[in-house]
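# Per-entry structural report
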Amino acid sequence: MKIAILGGTGSIGEGFALRWAEKHDISICSREVDRAVSAADEYTETLSNKGMVCCGITGCTNEVGIRDVDVVVLSVPYQGVISLLKNLRPCFKDQIVISLVVPMKKNTWFEYTPPKQGSAALEIRDVLPKGVKVVSAYHNVSAKKLANIELALDYDVVVCGDDESAKKTVVELTREIKNLRPLDGGGLASSYMIESLTPFLINLAIRNGLSDLGVKFI
Ligand SMILES: NC(=O)c1ccc[n+]([C@@H]2O[C@H](COP(=O)([O-])OP(=O)(O)OC[C@H]3O[C@@H](n4cnc5c(N)ncnc54)[C@H](OP(=O)(O)O)[C@@H]3O)[C@@H](O)[C@H]2O)c1
């Protein structure tokens with residue numbers, strides 16, 4: 001598959017690129033092409049130094065990256081994602097869009113701050129063309145652990161979406177990441193429950209002297 005990672009120059013984008021490059025063509029997308037190219041070169045070198053196979057990681061602008069791809073990963077902070085998607089709307093058609101976006105802010109502790117639609121995923125669905133299939137996943141996966149490609153991530157990933165075929169694709173992509181267990185979380189309307197766990201996990205980590213907490217249902 002062809003996968004574009006918007007904001008792929010940032011923390012969690014790197015991990016997805018490294019983990020999926022063995023089987024898929026990856027576009028690292030950025031607002032600045034130079035930043036995208038340099039991140040793509042860096043990730044390619046990381047894989048090469050570890051002797052790992054890579055289908056190809058290239059860098060480009062967000063606009064170029066999302067045309068003619070199967071999957072677009074939204075790896076951009078909530079504060080910028082809606083205006084970015086409004087500008088990019090003409091480049092979208094029928095792609096699968098994976099939202100891992102968590103709207104949250106820090107007061108004394110981190111708080112979930114959903115938009116009026118109820119979740120980032122629902123707001124994102126509303127700004128994209130009807131043919132785009134939004135799937136919500138990976139909100140509780142640590143960027144640091146994801147980028148450590150030797151590490152088996154013993155987490156569950158709840159996948160929410162209204163298009164069963166798109167959800168199946170995300171479930172399969174999740175299975176490709178060592179030890180991640182995808183779980184069907186129902187429709188996109190359920191996304192708020194999983195998004196809101198992220199600030200809760202960060203607060204738990206701070207209060208208990210832990211780091212990079214994830215979720216496992218047993
Ligand atoms: N970090 C985690 O552990 C983690 C875990 C689960 C979910 N998430 C979610 O994943 C998303 C990305 O998180 P992150 O930690 O990777 O974020 P990040 O490193 O702060 O940013 C990722 C990339 O987004 C682009 N960006 C930043 N501000 C932007 C804006 N205003 N408009 C358009 N693009 C902008 C930047 O790329 P360019 O400057 O190159 O365009 C940046 O490199 C967030 O929605 C977050 O809630 C993160």
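Anyway, here's the lowdown on the structure attached to this text.

The rules behind the values
Residues numbered from 1 in each chain as written. Predicted model: local features only at pLDDT ≥ 70, side-chain atom pairs only at ≥ 80, totals over all residues. Helix = DSSP H or I, 4+ residues; strand = E, 2+ residues; numbered from the N terminus. Buried ≥ 20, exposed ≤ 12 C-beta atoms within 10 Å, placed from the backbone. Pairing = 2+ DSSP bridges. Axes fitted to C-alpha atoms, helices over the stretch in contact; angles between N-to-C directions. Contact = placed C-beta atoms within 7 Å.

## With respect to unusual backbone geometry
Within the chain, tyrosine 138 stands out as a residue other than glycine whose phi angle is a positive 70 degrees. Its location among the elements puts tyrosine 138 in the loop between β8 (133-136) and α6 (143-147). For tyrosine 138, a count of 28 C-beta atoms within 10 Å gives the class buried. Despite not being glycine, aspartate 212 has its phi angle at roughly 50 degrees, a positive value.

## Some remarks on the sheet that holds strand β9 (residues 156-161)
Across the sheet, which stays open at both edges, the eight strands sit in the order β3-β2-β1-β4-β5-β8-β9-β10 with mixed pairing between neighbours. The open sheet has two edge strands, β3 (57-61) and β10 (181-184), and neither has a second partner. The average undirected angle you get between the axes of adjacent strands in this sheet is 25 degrees. Bridge count between strand β4 (residues 71-74) and strand β5 (residues 96-99): four bridges; the pairing is parallel. Bridge pairing in β5 places valine 71 opposite isoleucine 96. Strands β4, β5, β8 and β9 of the sheet are contacted by helix α5 (residues 120-127), whose axis makes an angle of about 170 degrees with β8. Contacts from helix α7 (residues 164-175) reach β4, β5, β8, β9 and β10 within the one sheet, and its direction differs from that of β9 by about 165 degrees.

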